[in-house]
Amino acid sequence: MSKLTRRTFLGNTALAAFFGTTSSALSSVQDPPLSWRNWSGGEVSYPKSRFSPATEEQLARFFATSLGSLRPVGSGHSFSALVPTDGHLVVIDQLSGLLAQDETRHLATFAAGTRLSDMGPVLAGVGQGMLNLPDIDRQTLAGATATATHGTGIDFKCLSGYVTGLRLITVDGGVRDLDVSSQPDLFAAACVSLGALGVVSRMTLQNRAAYRLKQTTWVEKTSTLLQDFDSHTSAHRHFELFPLVHSDYSMALATDETDEAINNPAASPEEDAAFDNAMRGFMMIPPSLRRPLINTLAEQIGPSERVDVSYKILSNIRNNRFNEMEYSVPVEAGADCLKEILATIIDKQVDVVFPLEYRYVCRDDTMLSMSSGDEDHAAISIHRVATEDYRPYFDLIEPIFWKYGGRPHWGKIHSLGAGQLASLYPRFNEFTAIRKALDPQGRLLNVHLRKVFGETI
Ligand SMILES: Cc1cc2nc3c(=O)[nH]c(=O)nc-3n(C[C@H](O)[C@H](O)[C@H](O)COP(=O)(O)OP(=O)(O)OC[C@H]3O[C@@H](n4cnc5c(N)ncnc54)[C@H](O)[C@@H]3O)c2cc1C
């Protein structure tokens, strides 16, 4: 068997592909006109209308003159039911692009519908780079920040933590320009708003000078990587783990700034095929017998390196659809929580091959980010391919997250309501009071958000 690389493992042909799962299974369903579905296909709704403003003025006027419920949508990459509505779907695709930039302070203002993937090249053109990015970059800026989307790194906050100013258009048609000095509480709420305070039409981000990154990937025993986690996170700009289920190994990714020449070749079809064949073989084996096989496979994965401009290293493309649950636990509890999840998957013989993801996220000052407050967090994700029912697996693991004080990622699947959420977020009640004041009739609420905020209106 030829040597495997992280690119083979984590790239487009990620583990879901080896189950024969493709997005064609999703596209075969014919929905009536005007149906909306999220990226994973797990959420479907039938909005009464779609409104796609070309200007902020049109948006404000629509809010002031329309009736009924409203939900803003970005690129529909949230797994949770934040967006579904039978009212008006507010699509901000047309509010896109760089609006202003400050080359001395490395600030840039973007229309909020800009996709993260479009920001990297534009920022590079003005000598800037975003400080961090999530695992993929197809989300809109507004959508990503509305759920506190994050990457990893001991010194790096979620994207919302780098917002220095924003424009919020509220349901009464009001236009508010917010930053930390003018209305600090409203600003702290609006940076992670779940789309429940209004529509964000533009955002200013703190960036830095454009830079290049080198990413090194290797496979090592999970127990060793967790033991050395603190030294790895301190030594590297970014460090994360993909723990392999039914196995003793994890894939580790360490990413650092570099001046080295770009060297980021595309994965070869032979590598993909070698891995594909190996995985197909062992997928026929019952979960209880997989461990030695996955361990043997993991030991075949050689280290690899790649160098590129920052935004091409920090984010990836994930073509195979899945659903995801992620909780952030205080970082000191992270290793124990992760170990308990991995042991439970083995103990209960959960038939899953998708690796977990384990990331360090720095604390921030927003009201509702999963890392808000005075503690750094470890974000732990579990995944299930989109064609399979995720509930039995996620229902089994979710109580483990609760045991370690986990906060659910707003954009990912969870079952919590206002009571539990208020105990996890010190400023939760403050946020709900702001929400009520800005949207007393609950026009921006849907079924999911009513549960999240404990609203009956
Ligand atoms: C393959 C994949 C990989 C992912 N990787 C990561 C990751 O590495 N890290 C991470 O933290 N998350 C990750 N996520 C989760 C994802 O980043 C979030 O769910 C994000 O919110 C999706 O952005 P979006 O533009 O698709 O927004 P949507 O899902 O469309 O909307 C999300 C929320 O934003 C609100 N919203 C949208 N536009 C506006 C607006 N203009 N004003 C106000 N509110 C608005 C919506 O109402 C909704 O509440 C991933 C998701 C997928 C599918």
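So, here's what we can say about the structure. Position numbers for residues start from 1 in each chain and track the written sequence from start to end. Side-chain atom pairs in this predicted model are given and counted only at pLDDT of 80 or more, local residue features only at pLDDT of at least 70, and totals for whole chains, interfaces and linings cover all residues. Hydrogen atoms and water are omitted, and side-chain values are computed over all heavy atoms in the structure.

### A word on the site of the ligand
For step 1, the next point in the chain: Taken together, the neighbourhood of the ligand is formed by 35 residues, with Pro-72, Gly-74, His-77, Ser-78 and Asp-135 sitting nearest.
For step 2, the next point in the chain: Identification of polar contacts relies on pairs of N or O atoms within 3.5 Å, with a donor-acceptor requirement for protein atoms, meaning one able to donate a hydrogen and the other able to accept it, and with residues adjacent in sequence counted only if both atoms are side-chain atoms. Here an oxygen atom of the ligand sits 2.7 Å away from a polar atom, N or O, in the main chain of Asp-135.
For step 3, the next point in the chain: Measuring from an oxygen atom of the ligand, one finds a backbone N or O atom of His-150 at 2.8 Å.
For step 4, the next point in the chain: Isolated, the ligand exposes 970 Å² of accessible area, and the fraction of that covered by the protein chains is 99%.
For step 5, the next point in the chain: Secondary structure elements are defined from DSSP: runs of H or I of at least 4 residues count as helices, runs of E of at least 2 residues count as strands, and each element is numbered from the N terminus. In terms of residue count, helix H6 (residues 141–146) provides more of the shell around the ligand than any other element does, four residues in total.
For step 6, the next point in the chain: For this classification, Asp, Glu, Lys and Arg are treated as charged, while Ala, Val, Leu, Ile, Met, Phe, Trp, Tyr, Cys and Pro are nonpolar and the rest, including Gly, are polar. Looking at side-chain class alone, the shell around the ligand contains 16 nonpolar, 15 polar and four charged residues.
For step 7, the next point in the chain: A domain-level breakdown of the shell around the ligand finds at least three residues from each of domain 2 (33–90) and domain 3 (98–210). Any residue with a non-hydrogen atom lying within 4 Å of a molecule or strand is treated as near it. Methods summary: accessible areas were calculated by the Shrake-Rupley approach with a probe of 1.4 Å, and residue burial reflects only the protein chains presented. Segmentation of the chain into domains, including their bounds, is taken from an automatic or database domain assignment.

### Some details on empty space enclosed by the protein
For step 1, the next point in the chain: Using only the protein atoms, space was sampled on a 1 Å grid; points where a 1.4 Å probe fits but cannot get out form cavities, open sets with protein on both sides within 12 Å along at least five of seven lines form pockets, and lining residues are those with an atom within 4 Å of a point. Grid points are joined across faces, edges and corners, and a volume is the space filled by probe spheres set on the points. Per the stated rule, a full pass over the model turns up five cavities of 30 Å³ or more.
For step 2, the next point in the chain: Taken as a whole, the second largest cavity spans an internal volume of roughly 150 Å³.
For step 3, the next point in the chain: The element that contributes the greatest number of residues to the lining of the second largest cavity is strand S13 (residues 238–243), accounting for four residues.
For step 4, the next point in the chain: Grouping the constituent residues of the lining of the second largest cavity by class yields eight nonpolar, seven polar and six charged.
For step 5, the next point in the chain: Counting only domains with at least three residues in the lining of the second largest cavity, you end up with domain 1 (6–19 + 211–408) and domain 3 (98–210).

### Examining the packing of aromatic side chains
For step 1, the next point in the chain: Side-chain rings of Phe, Tyr and Trp (the six-membered ring for Trp) are treated as a pair once their centres are within 6.5 Å; stacked means planes under 30 degrees apart, edge-to-face means over 60, and tilted covers the remaining angles. Tallying each qualifying case throughout the model produces 15 aromatic pairs.
For step 2, the next point in the chain: Look at Phe-62 and Phe-63: their rings are 6.5 Å apart centre to centre, the planes differ by 45 degrees, and that puts the pair in the tilted class.
For step 3, the next point in the chain: Here the term buried applies to any residue with accessible area under 20% of the maximum for its type, exposed to any over 50%, and partly exposed to those in between, with areas from a 1.4 Å probe on protein chains only. The buried category is assigned to Phe-62, whose relative accessible area is 15%.
For step 4, the next point in the chain: Owing to a relative accessible area of 1%, Phe-63 belongs among the buried residues under this scheme.
For step 5, the next point in the chain: Aromatic ring contacts, followed pair by pair, group Trp-39, Phe-79, Phe-322 and Phe-354 into a single cluster.
For step 6, the next point in the chain: Only when the NZ of Lys or the CZ of Arg is both within 6 Å of the ring centre and within 35 degrees of the ring normal is a charge said to sit over the ring. Stacked on the ring of Tyr-425, the Lys or Arg Arg-407 has its end atom at 4.6 Å from the ring centre.

### Examining the pattern of salt bridges
Between side chains of opposite charge, a pair can form as their charged atoms come close.
For step 1, the next point in the chain: By definition, a salt bridge exists where a carboxyl oxygen of Asp or Glu is found within 4 Å of a side-chain nitrogen of Lys or Arg. Overall, the coordinates contain 24 salt bridges when judged by the stated rule.
For step 2, the next point in the chain: With a closest N to O distance of 2.9 Å, Arg-105 and Asp-102 form a salt bridge.
For step 3, the next point in the chain: Residue class for Arg-105 comes out exposed when judged on its relative accessible area of 54%.
For step 4, the next point in the chain: Taking relative accessible area as the criterion, Asp-102 reaches 22% and is therefore assigned partly exposed.
For step 5, the next point in the chain: One salt bridge connects Arg-167 with Asp-177, and the closest N-O pair in it is separated by 2.7 Å. Taken as a pair, Arg-167 in strand S9 (residues 163–169) and Asp-177 in strand S10 (residues 175–179) lie far apart in primary sequence, 10 residues in all.

### Regarding helix H13 (residues 334–347)
For step 1, the next point in the chain: Expected span of a helix, by definition, is 1.5 Å for each gap between consecutive residues, and there is one gap fewer than residues. Given a rise of 1.5 Å per residue, 14 residues ought to cover 20 Å, and the 20 Å separating the end C-alpha atoms of H13 matches this to within 8%.
For step 2, the next point in the chain: Taken residue by residue, H13 has Gly-334, Cys-337, Leu-338, Ile-341, Leu-342, Thr-344 and Ile-345 as its buried positions. Down the axis of H13, the sector holding all buried residues measures 160 degrees, keeping them to one side.
For step 3, the next point in the chain: The inward-facing, buried residues of H13 contact helix H8 (222–227), S13, strand S16 (322–330), strand S17 (357–361), strand S18 (377–385) and helix H14 (391–403).
For step 4, the next point in the chain: Remark: Gln-349 follows H13 within two positions and exhibits a positive phi of approximately 50 degrees. The arc in question is the one traced by the directions running from the helix axis out to the C-beta atoms. The contact criterion used throughout is that any non-hydrogen atoms of two residues lie within 4.5 Å.

### Examining the layout of surface pockets
For step 1, the next point in the chain: In this structure, the second largest pocket spans a volume of roughly 290 Å³.
For step 2, the next point in the chain: Val-163, Val-180, Phe-187, Asp-365 and Thr-366 are the residues nearest the centre of the second largest pocket, which is lined by 17 residues in total.
For step 3, the next point in the chain: Secondary structure elements with two or more residues in the lining of the second largest pocket: S9 and helix H7 (184–190).
For step 4, the next point in the chain: A per-element tally of the lining of the second largest pocket places H7 first, with four residues.
For step 5, the next point in the chain: Class assignment for the residues of the lining of the second largest pocket results in seven nonpolar, five polar and five charged.
For step 6, the next point in the chain: Counting contributing residues per domain, the lining of the second largest pocket is built from domain 1 (6–19 + 211–408) and domain 3 (98–210), each supplying no fewer than three.

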